[in-house]
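Letter by letter, the chains look like this.
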Amino acid sequence: MSATEFFQNVVNALQWGSFYALIALGYSMVYGVLLLFNFAHGDIFMVGAYIGFFVATAFLALFASGVGIITLPSWAILVLVILATMFLTSFVGMAVERIGYRPLRHAPRASAAITGLMIGIIFETSILAMFGAQRMKFPELLPGLASASQPTFGGVIISWQKILIVGVALVLMLLLQWFVSNTKWGMAMRAMAFDFAAVPLMGVPLNRIAALTFALGSALAGAAAVLYSMAYPVLDPYMGITVGWKAFVAAILGGRGSIKGAALAGFLLGFIEIFAATVFPSTYRDLIAYSIILIILVFRPHGMFGEEHTARLRL
Amino acid sequence: MPLLEVKHMTHYFGGLRAVHDFNLSIEKGEIRGLIGPNGAGKSTVFNLITGIYRPTEGQVIFKGQNITGKRPHQIAAMGLGRTFQNLRLWRHMTVLEHVKMARYSKLTYGLVGAFFDTRKRRREEAEAEKVARDLLDLLGVYNVAHELVTNLPYGMQRRVEMARALAVEPDILFLDEPTAGMNPEELVEMMDVIRQVHQEFDLAIFLIEHRMKFVMELCQRIQTLVFGEVIAEGTPEEIQNNPKVIEAYLGEEVET
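Residues numbered from 1 in each chain as written. Chains lettered and ligands numbered in written order. Predicted model: local features only at pLDDT ≥ 70, side-chain atom pairs only at ≥ 80, totals over all residues. Heavy atoms only, no water.

## Describing the domain arrangement of chain B
Residue and element names in this part refer to chain B. The condition that has to hold: An automatic or database domain assignment supplies the residue ranges for each domain. Throughout, the accessible surface (probe 1.4 Å) given up by two parts as they are put together, summed over both, is called the buried area. One side-chain nitrogen of Lys or Arg within 4 Å of one carboxyl oxygen of Asp or Glu is enough to make a salt bridge. Pairs of N or O atoms are called polar contacts if they sit within 3.5 Å, as long as, within protein, a hydrogen donor faces a hydrogen acceptor (for residues adjacent in sequence, only side-chain-to-side-chain pairs). The helix and strand labels rest on DSSP assignments: H or I over at least four residues marks a helix, E over at least two residues marks a strand, and numbering proceeds from the N terminus. Classes in brief: Ala, Val, Leu, Ile, Met, Phe, Trp, Tyr, Cys and Pro nonpolar; Asp, Glu, Lys and Arg charged; the others, Gly included, polar.
Per the domain assignment, the segments making up chain B are domain 1 (4-79 + 170-248) and domain 2 (89-153). Placing a centre on the C-alpha atoms of domain 1 and another on those of domain 2 gives a separation of 28 Å. Between domain 1 and domain 2 the total buried area reaches about 410 Å² when both faces are included, carbon and sulfur atoms providing 74% of it. Three residues, Ala-77, Gln-196 and Phe-201, lead the burial of domain 1 against domain 2; their summed loss comes to 63% of the area buried on that side. Where domain 1 packs against domain 2, one counts zero salt bridges. Seen at the junction of domain 1 and domain 2, the total is zero residue pairs in polar contact (both at pLDDT 80 or more). Counting residues per element, the side of domain 1 that touches domain 2 draws most heavily on helix α7 (residues 184-201), which supplies five residues. Residue composition of the side of domain 1 that touches domain 2, by class: four nonpolar, one polar and one charged.

## Notes on the interface of chain A and chain B
Many structure descriptions define interface size as the accessible area lost when the parts assemble. This is how the line gets drawn: Contacts are assigned to residue pairs that have any heavy atoms within 4.5 Å of one another.
Listed as interface residues are 27 residues of chain A and, on the opposing side, 33 residues of chain B. A combined buried area of about 2,700 Å² lies between chain A and chain B, and 70% of that area is made up of carbon and sulfur atoms. Among the residues chain A hides against chain B, the three largest losses belong to Lys-184, Leu-201 and Met-202 of chain A. Together they make up 29% of the total. Seen at the junction of chain A and chain B, the total is two salt bridges. Arg-88 of chain B is the salt-bridge partner of Asp-195 of chain A, the closest N and O atoms lying 2.8 Å from each other. Where chain A meets chain B, there are nine residue pairs in polar contact (both at pLDDT 80 or more). Broken down by secondary-structure element, the contributors of at least two residues to the side of chain A that touches chain B are α5 (160-182), α6 (184-194) and α7 (206-231) of chain A. Looking at the side of chain A that touches chain B element by element, the count peaks at seven residues for α6 of chain A. Split into classes, the residues belonging to the side of chain A that touches chain B amount to 18 nonpolar, six polar and three charged.

## Brief notes about the sheet that holds strand β1 (residues 4-13) of chain B
Residue and element names in this part refer to chain B. Selection criterion: One requirement defines pairing of two strands: DSSP has to find at least two bridges between them.
Reading across from one edge, β2-β1-β4-β5 is the order of the four strands in this open sheet, with antiparallel pairing throughout. Because the sheet does not close on itself, it has two edges, and the strands there are β2 (16-26) and β5 (65-66). In the sheet, β1 pairs with strand β4 (residues 57-62) via five bridges, with the strands oriented antiparallel. The residue bridging Val-6 from the neighbouring strand is Val-60, located in β4.

## With respect to the environment of Asp-137 of chain B
Residue and element names in this part refer to chain B. Defined as follows: Classification of residues uses two cut-offs on accessible area relative to the type maximum, computed with a 1.4 Å probe and protein chains only: under 20% is buried, over 50% is exposed, and between them is partly exposed.
Among the structural elements, Asp-137 can be located in helix α5 (residues 119-138). Judged by relative accessible area, Asp-137 falls into the exposed class, the value being 51%. Spatially, the C-alpha atoms of Asp-137 and Ala-163 are 9.4 Å apart, while their sequence positions differ by 26 residues.

## Some remarks on the nonpolar core
Spelled out, the test is: The definition of a nonpolar core used throughout is a set of buried Ala, Val, Leu, Ile, Met, Phe, Trp, Tyr and Cys residues joined through side-chain atoms within 4.5 Å.
With 162 residues, the main nonpolar core has Phe-45 and Leu-141 of chain A together with Trp-90, Met-162 and Leu-173 of chain B as its most contacted residues. Counting only domains with at least three residues in this core, you end up with domain 1 (4-79 + 170-248) and domain 2 (89-153) of chain B. Sequence-distant contacts of Leu-173 of chain B, that is, excluding residues within four places in its chain, are made with Gly-81, Arg-82, Met-162, Ala-165, Leu-166, Val-197, Leu-203, Ala-204, Ile-205 and Phe-206 of chain B. Counting 27 residues, the second-largest nonpolar core is a separate cluster that includes Leu-4, Phe-22, Ile-49 and Leu-80 of chain B.

Structure follows, in structure tokens:
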């Protein structure tokens, strides 16, 4: 592998890592606060992509130059699409918490896990029922971006799109880190992770914090969905399964509950996958990548930043 | 009007009657004790009043408002602070964070305010920080403000818990066995701490205790709970000499 090839792969790995990291954060936060794996999270990502599709279509019709009522520059439309999708997807997460998980808060953990899987299937099949099996094409939000001259660095092509995806992902992760460490809700999330029972007795509304945790995780999945759809603009009802499971692996690899861990493990997973595919035949990619992760977990069963018995939300 | 009033409170766990016809009336500034053997239902009484369980029958009236069935966080925010029998601290949060967390109900800024870091948010957070630091100072744990609570000795953790309970600006403080697991030296210190916060904030205090000496010295009135029922109520002297109380402690001598 030449140096150019190597760095080209680094760039690709960063893009995939961004998707995994954003989704893994949702798994990890919910686990960290409520000690449950939200197995519907991958499908929340998928629903986010569909929400993104409709938001993007609507905003392009309203604001794109030539057709819209008010003309906005395409970067402004993109920002609006991401924000609106995050906002709407957060409600999907809150609904899942309210309807699916809250009634089971005192039930055995397995019930919640099964509920998550069922909610996932319900999402997949309802999207299938509503829009059919035909794949939908995500509209181009930044026309001309792909054909513009791309920045290169010593022969490595770093496309604008990848810069955008990685940049947005990093900004969102920093915002989340800030939120959890500096606001009263973030503090409440961490407190809830350590002792559920004491939290309401200090005047903190438990259910609201639980809903907010789901909202934040789902909003990040919504953002990931828009970014993902810009890179791979084909939507189908099962698109959340593989990506979702891989992000789940990243959450475990990072250490349950660890924000830093989920973010780093997401990127690590991107690197392992991409480099496995360059060294070995690409059909072996997942086999090799996940064998490596299995070996890591044998030696660090609680993940990179995980500790025994403290799978709790922390920075 | 009493600060806190409990009328005919009865609670069942399934078929088991845990508390039967419990009545209580606490005035502002009063220190009240609840004693009784293990499993008598003392902590259940606390959990019923603070909203963790909803009483099967009866009413709880706090500051003239019926709070029966209200959620624990609403009751806490109305001015009821609480500590726990086995410390319920958030192990990997700092001392200062514990106390600031309990200011939650006093912080009114919204999500938008947080993201745009408005002046209101800064003012409220600065205020919370100041209140928290003052409380830590009062309880003598200011110098460990940035330590994780896991790293502190037990007596100090108790003080942190007390500071946290005080941060909700309570009118009444519920202390569930504040001296559990303490050595005699720490016990004397805790007694001073309780007296100090009682004076400083003009609080009513309702406490569960096992150590007779402690209850007798601090409380103006004491109730004795046995199998969920109050078998005796009165001043420390009356309780000490009450044959039913002596019997309930199975011949254990009621030490003074």
